[in-house]
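Residue-level structure breakdown
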Amino acid sequence: MAKDIVKKYTLIAWVLASVSLLLLAGFIVLFAVAKWHLFAMRPFWLGCLFLMLGGLGLATSCVLGYVAILKREERASVVVCAACGKETSYDNAFCPHCGASLETKE
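All values reported here derive from a predicted model rather than from experimental measurement.

A word on the overall build of the protein chain. Counting secondary structure elements, the protein chain contains two helices and two strands. Put simply, the protein chain runs from its N terminus to its C terminus through helices and strands in the order α-α-β-β. Here the protein chain has a C-alpha radius of gyration of 24 Å; the compact-globule value for 106 residues is 13 Å, and the former is much larger. Viewed in the frame of its principal axes, the protein chain has a C-alpha envelope of about 75 × 25 × 15 Å. A total of 106 residues make up the protein chain; the buried ones form 19% of that total. Looking at the protein chain alone, contacts between residues at least 24 apart form 35% of all its contacts between residues at least 6 apart. Surface accessibility of the protein chain: about 8200 Å² in total, with carbon and sulfur atoms responsible for 68%. Between the averaged position of the 10 positive side-chain charges in the protein chain and that of its 7 negative side-chain charges there is a distance of 17 Å.

Structure (structure tokens):
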């Protein structure tokens, strides 16, 4: 389930970043045509600048959500050994530190 969420966040972040980069490229071209004078541009393209900034903000929030999901999954895959109290991977059947059998919750 979490992998589906990660894929969804990744796709949304890439789409928003691509749209933002396209809008940025268009804005720079129009800014150059307006002889690098911001107020010589049409208001429509200034609106595109705000859309681009919003898209970059959404892409950034998607990336941060993606990192948070990865960290949560990483924490969920850690088990504490009952014998020695050290942390180990959920995939291990035995503790690599003391050799005790690890109980897995299914």
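A word on the side chain of Thr-88. Summarising the element assignment, Thr-88 is placed in strand 2 (residues 87-89). Relative accessible area serves as the criterion here: at 7%, Thr-88 is assigned to the buried category. Of the polar contacts made by the side chain of Thr-88, one reaches the side chain of Asn-92; its length is 2.7 Å. Ignoring sequence-local partners within four residues, the contact set of Thr-88 consists of Ser-77, Val-78, Val-79, Pro-96 and Leu-102.

Quick look at a nonpolar patch on the surface now. Taken together, the side chains of Leu-21, Leu-24, Ile-28 and Trp-36 present a nonpolar region at the surface, about 410 Å² in accessible area. Turning to its location among the elements, Leu-24 is positioned in helix 1 (residues 2-33). Given the relative accessible area of 31%, Leu-24 is considered partly exposed.

Tracing the backbone shows Ile-12 in helix 1. Along the chain, Ile-12 and Ala-59 lie 47 residues apart, while their C-alpha atoms are 7.3 Å from each other.

Our next topic: the environment of Ser-61. Here Ser-61 lies in helix 2 (residues 43-76). Considering only alpha carbons, one finds Ser-61 and Ala-13, 48 residues apart in sequence, at a separation of 8.3 Å.

Rules used throughout
Residues numbered from 1 in each chain as written. Predicted model: local features only at pLDDT ≥ 70, side-chain atom pairs only at ≥ 80, totals over all residues. Heavy atoms only, no water. Helix = DSSP H or I, 4+ residues; strand = E, 2+ residues; numbered from the N terminus. Rg over C-alpha atoms; globule rule 2.2 N^0.38 Å. Buried < 20%, exposed > 50% of the residue type's maximum accessible area, 1.4 Å probe, protein only. Contact = heavy atoms within 4.5 Å. Areas by Shrake-Rupley, 256 points an atom, 1.4 Å probe, with all protein chains shown as cover. Lys, Arg positive; Asp, Glu negative; His and termini not counted. Charge placed at Lys NZ, Arg CZ, Asp CG, Glu CD. Polar contact = N/O pair within 3.5 Å; in protein donor to acceptor, adjacent residues only side chain to side chain. Patch = residues over 30% accessible without salt bridge, like charges linked within 9 Å, V, L, I, M, F, W, Y side chains within 5 Å. Salt bridge = Lys/Arg side-chain N within 4 Å of Asp/Glu carboxyl O.

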